[in-house]
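What follows is each chain in one-letter form.
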Amino acid sequence: MRILSGIQPSGKLHLGNYLGAIQQHLDLQDKGEAYYFIADLHALTTVKDPRLLREHIRDVALDYLALGLDPARATFYRQADLPEVPELSWLLTTVTPMGLLERCHSYKDKIAKGLSPDHGLFAYPVLMAADILIVDANVVPVGRDQKQHVEVTRDIALKFNNLYGEVFVIPEDRILPEVGAVPGVDGQKMSKSYGNDIGIFLEGKALRERVMAIVTDSAPVEAPKNPDANNVFNLLKLFAAPEETAEWRERFTRGGVKYSECKKRLIALLDERFGPARERRRELASRPDDVQDVLREGARRARAVASATLARARRACGLD
Ligand code: ADP
Ligand code: TRP
């Protein structure tokens, strides 16, 4: 089984990214041949500041390696180091119906907000299809919001195969159903773009401030509360053991929970969960050349596969 996923370097990674994507990626390293890449070409559709883009790319690489991506098991690379990807993307655009892209959420949302999208955003799903198809991926582990893009990839691959013969493997998505959308400090889906996120590598005072900013109501301590409507409980349950979650649920329902107590516990759970990764990240950050080497070696391995797929696609459509 070949597994592929990409992560956009468009800001610091947060708990939603971790539970919705990164954790699955790491678990899957043992289940097949994993390809993970930093989607820097995709990030250009939103990040237009070169210094910031470089910084984000470095951050994502450090984050993934610190959290447990093992370059001996998974191939880890930067999208922009594979020139085969944009070339394949062009071949794919020539079989992609406009209507298919017009139906994509990210594009539709921008139009609905009255903003004027650029062609990069419109063509974004085609580039994503190239990422996936170029390594013959069978499985694409992503968050629910990316499901549509994987469906578009399948449509494009089928169209190409119908026209030119069996060139591409048809991939499937893999969504972590239990997690769903991780809520942010305001209870909406956690997202960098909503400014409601909690960074994976926040610690100490910065983490405390962020957790204390989780929005709660002003119900008195003794009042019985619906745990499922509480932002702190909804985050805590994602990190606590099932028995502890059951206890908090009980206490919320009965009344008598102080939100600050629950927030403190959430901080302790995050410290426990991410403490070792924070240490590893600091250590890796002091060896930037080694991180570069990992990405270079990953690109070398990925290109070996990508160039074979591209050659197949070129041949199929008469470009050999
Ligand atoms: P953001 O919304 O912060 O910009 P991205 O769109 O870059 O995050 O998401 C990167 C990955 O993390 C995707 O696979 C996405 O589905 C997952 N993800 C992001 N936010 C959440 C969330 N709140 N809950 C679950 N998964 C999420
Ligand atoms: N669009 C994805 C996201 O925003 C990132 C991505 C780019 C990706 N190419 C991909 C994910 C290919 C999976 C497969 O999260």
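The structure displayed is predicted, hence computed values, not measured ones.

**Regarding the overall build of the protein chain**
If you tally the helices and strands in the protein chain, you get 13 helices and 5 strands. Compactness check: the protein chain gives a C-alpha radius of gyration of 21 Å against a globular reference of 20 Å for 320 residues, within 12% of the reference. In terms of overall dimensions, the protein chain has a C-alpha envelope of 75 × 45 × 35 Å along the principal axes. Counting the 320 residues in the protein chain, one finds 48% classified as buried. Considering only residue pairs separated by 6 or more positions, the protein chain has 78% of its internal contacts joining residues 24 or more positions apart. With an accessible surface of roughly 15,200 Å², the protein chain has 53% of that area assigned to carbon and sulfur atoms.

**A short note on the domain arrangement of the protein chain**
As a measure of interface size, the accessible area lost when the parts come together is often cited. What the domain assignment reports for the protein chain is domain 1 (2-181 + 288-317) and domain 2 (201-282). Summarising the inter-unit geometry, the C-alpha centres of domain 1 and domain 2 are found 33 Å apart. Between domain 1 and domain 2, the residue contacts involve 11 residues of the former and 9 residues of the latter. Summed over both partners, the interface of domain 1 with domain 2 comes to about 940 Å²; 66% of that surface belongs to carbon and sulfur atoms. Ranking the residues of domain 1 by area buried against domain 2 places Leu15, Leu19 and Ala66 at the top, with a combined share of 48%.

**With respect to the site of ligand 2**
Residues in contact with ligand 2 amount to 14 residues; listed here are only the nearest, Gln8, His42, Tyr124, Asp131 and Gln146. The separation between an oxygen atom of ligand 2 and a polar side-chain atom of Gln8 is 3.3 Å. Gln146 has a polar side-chain atom sitting 3.0 Å from a nitrogen atom of ligand 2. Alone, ligand 2 offers 360 Å² of accessible surface; in the complex the protein occludes 90% of this. The set of elements that each furnish at least two residues to the shell around ligand 2 consists of strand S1 (2-7) and helix H7 (119-134). With 4 residues, H7 is the largest single contributor of residues to the shell around ligand 2. Split into classes, the residues belonging to the shell around ligand 2 amount to 8 nonpolar, 5 polar and 1 charged.

**Details of the site of ligand 1**
Within the structure, ligand 1 sits among 14 residues, and His14, Asp145, Val182, Ser191 and Lys192 are positioned closest to it. Here an oxygen atom of ligand 1 and a backbone polar atom of Lys192 are 2.7 Å apart. Coverage of ligand 1 by the protein chains reaches 87% of its 540 Å² of free accessible surface. Grouping the amino acids of the shell around ligand 1 by side-chain chemistry returns 4 nonpolar, 7 polar and 3 charged.

**Observations concerning the environment of Leu100**
Examined against the element boundaries, Leu100 turns out to sit in helix H5 (residues 98-102). Along the sequence, Leu100 and Pro125 sit 25 residues apart, while their C-alpha atoms lie 9.6 Å from each other. The residues contacting Leu100, other than those within four sequence positions of it, are Val152, Asp155 and Ile156.

**A closer look at the side chain of Asp197**
Summarising the element assignment, Asp197 is placed in the loop between strand S5 (172-174) and helix H9 (204-212). Buried and without a salt bridge, Asp197 has Arg210 as its closest oppositely charged side chain, separated by 4.3 Å. Not counting the four nearest positions on each side in its chain, Asp197 is found in contact with Lys12, His14, Met190, Ser191, Lys192 and Arg210.

**With respect to the packing of aromatic side chains**
Applying the stated criterion across every chain yields a total of 9 aromatic pairs. Taking 4.9 Å as the distance between ring centres and 55 degrees as the angle between the ring planes, the aromatic pair formed by Phe160 and Phe168 counts as tilted. The two residues Phe160 and Phe168 agree in class, both being buried. A network of ring pairs unites the aromatic residues Tyr18, Phe239 and Phe274 as a single cluster. Between Arg251 and the ring centre of Trp248, over which it is positioned, the NZ or CZ distance is 5.0 Å. It is Arg281 that lies over the ring of Phe201; its NZ or CZ is 5.2 Å from the centre.

**Quick word on helix H13 (residues 288-316)**
With 29 residues, H13 extends 41 Å from end C-alpha to end C-alpha; this agrees with the ideal 42 Å at 1.5 Å per step. Of all the bends in H13, the greatest measures close to 30 degrees and is centred on Arg303. Listed in full, the buried residues belonging to H13 are Val291, Leu295, Gly298, Ala299, Ala302, Val305, Ala306, Thr309, Leu310 and Ala313. Once H13 finishes, Gly318 follows within two positions and takes phi at roughly 95 degrees, a positive value.

**Looking at the side chain of Asn230**
Along the chain, Asn230 turns up in the loop between H9 and helix H10 (231-236). Separated by 2.9 Å, the side chain of Asn230 and the backbone nitrogen of Val232 make a polar contact. Other than its neighbours up to four places away in sequence, Asn230 contacts Thr216, Phe252 and Tyr259.

Conventions adopted
- Residues numbered from 1 in each chain as written.
- Chains lettered and ligands numbered in written order.
- Predicted model: local features only at pLDDT ≥ 70, side-chain atom pairs only at ≥ 80, totals over all residues.
- Heavy atoms only, no water.
- Helix = DSSP H or I, 4+ residues; strand = E, 2+ residues; numbered from the N terminus.
- Rg over C-alpha atoms; globule rule 2.2 N^0.38 Å.
- Buried < 20%, exposed > 50% of the residue type's maximum accessible area, 1.4 Å probe, protein only.
- Contact = heavy atoms within 4.5 Å.
- Areas by Shrake-Rupley, 256 points an atom, 1.4 Å probe, with all protein chains shown as cover.
- Domains from an automatic or database assignment.
- Buried area = accessible area lost by both parts, 1.4 Å probe.
- Near = heavy atom within 4 Å.
- Polar contact = N/O pair within 3.5 Å; in protein donor to acceptor, adjacent residues only side chain to side chain.
- Nonpolar A, V, L, I, M, F, W, Y, C, P; charged D, E, K, R; others polar.
- Lys, Arg positive; Asp, Glu negative; His and termini not counted.
- Salt bridge = Lys/Arg side-chain N within 4 Å of Asp/Glu carboxyl O.
- Phe/Tyr/Trp six-rings, centres within 6.5 Å; stacked < 30°, edge-to-face > 60°.
- Lys NZ or Arg CZ within 6 Å of the ring centre and 35° of its normal.
- Expected span 1.5 Å × (residues − 1).
- Bend = angle between axes of the 7 residues up to and from the residue.

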